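The chain contents come next:
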Amino acid sequence: GGYIMHISNVKVALTKEDILSIIEDFVKVDNLSIDELVLQDQVIVKGSYKALVTLNFSASAQIIEAVGKRVRLKINSVKLYRLGILSFIKNLSLKVALKKLNKEGISFEENTIVLELDKLLKDVPFVTFDLVSAFVEQELVKVEAENINVSLNLLNEQKEAAEQESTIKNTEEL
């Protein structure tokens, strides 16, 4: 209940810096680190994922659908960098990684990646929305969303919790 701000429709253009900052601040996927993002005809992501061993990867994909709470990307290529480890350990690590990512809202179906935004953005419960579209144009991801609801109560609760947390951290440092 309480105060909810409703917005019918919004269109935004996100730079790679915007997206990296959103991932850094709100998308908590354990052991996944994104080091580089390139927005061209396709989206290129470079990073690493710690499973049994650290897997360094580079992947390129294209957004093929963005509707409701999910984004589907067609995988064009995935490279795992040679790690000097036995291939069965690499394959086992990959299996473990894929299973864990699936729980976090990143799943793989055939040659597509499905991002489930409600799972990925679970740390942002005060905002809900439905995607209408998303595409890359001139090094920007252009996103249109509708039915945006911002719960001001939840936002305040989150803010107060964060302030208490920083007070606790500051006290610990003394």
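Note: the structure precedes this text.
Residues numbered from 1 in each chain as written. Predicted model: local features only at pLDDT ≥ 70, side-chain atom pairs only at ≥ 80, totals over all residues. Heavy atoms only, no water.

A. View of helix H2 (residues 87-104). Taking 1.5 Å of rise per residue, 18 residues should cover 26 Å, and H2 covers 26 Å from first to last C-alpha, within 8% of that figure. In the core, the buried residues of H2 are packed alongside strand E3 (43-50), strand E4 (54-67), strand E6 (106-109) and helix H3 (117-120). (Helix = DSSP H or I, 4+ residues; strand = E, 2+ residues; numbered from the N terminus. Expected span 1.5 Å × (residues − 1). Contact = heavy atoms within 4.5 Å.)

B. Focus on unusual backbone geometry. With a phi angle near 50 degrees, Gln-138 is a residue other than glycine that sits in the positive phi range. Relative to the helices and strands, Gln-138 is located in the loop between strand E8 (127-137) and strand E9 (140-151). Exposure remark for Gln-138: the relative accessible area of 67% places this residue in the exposed category. Here the phi dihedral of Glu-139 falls at roughly 60 degrees; this positive angle occurs in a residue that is not glycine. With respect to the element layout, Glu-139 can be found in the loop between E8 and E9. (Buried < 20%, exposed > 50% of the residue type's maximum accessible area, 1.4 Å probe, protein only.)

C. Just a nonpolar patch on the surface, in detail. Where nonpolar side chains cluster on the molecular surface, the patch consists of Tyr-3, Met-5, Ile-7, Val-10, Val-12, Leu-152 and Leu-155 and spans about 570 Å² of accessible area. Contributing elements (two or more residues each) for the nonpolar patch: strand E1 (4-14) and helix H4 (152-173). Here the element with the most residues in the nonpolar patch is E1; it accounts for four residues. Among the secondary structure elements, Val-12 is positioned in strand E1. (Patch = residues over 30% accessible without salt bridge, like charges linked within 9 Å, V, L, I, M, F, W, Y side chains within 5 Å. Areas by Shrake-Rupley, 256 points an atom, 1.4 Å probe, with all protein chains shown as cover. Salt bridge = Lys/Arg side-chain N within 4 Å of Asp/Glu carboxyl O.)

D. Layout of the pattern of salt bridges. Applying the stated criterion to the full structure yields six salt bridges. As a salt-bridge pair, Glu-137 and Lys-142 come within 2.7 Å of each other at their nearest N and O atoms. Accessibility expressed as a relative area gives 33% for Glu-137, which makes it partly exposed. Taking the relative accessible area as the measure of exposure, Lys-142 reaches 24% and is therefore partly exposed. Through salt bridges with shared partners, one network takes in Glu-65, Arg-72 and Glu-109.

E. Main features of the pairing of E6. Here E6 pairs with strand E7 (residues 112-116) via four bridges, running antiparallel. Bridge pairing in E7 places Phe-108 opposite Ile-113. Remark: two residues form the turn of the hairpin made by E6 and E7, two consecutive strands paired antiparallel; Glu-110 in that turn has positive phi of roughly 45 degrees. (Pairing = 2+ DSSP bridges.)

F. Local environment of the sheet that holds E1. One open sheet holds the three strands; their spatial order is E1-E9-E8, and the pairing between them is antiparallel. Edge positions in the open sheet fall to E1 and E8, since each of these has one partner strand only. Strand-to-strand twist in this sheet, taken as the mean axis angle between neighbours without regard to direction, amounts to 10 degrees. Taken together, the ten bridges between E1 and E9 define a ladder with antiparallel strand orientation. Opposite Ile-4, over in E9, you have Ser-151 as the bridge partner. Here helix H1 (residues 16-26) sits on the sheet and contacts E1 and E9; the angle it forms with E1, its principal contact strand, is near 130 degrees. (Axes fitted to C-alpha atoms, helices over the stretch in contact; angles between N-to-C directions.)

Remember, this is a structural readout, not a statement about activity or role.
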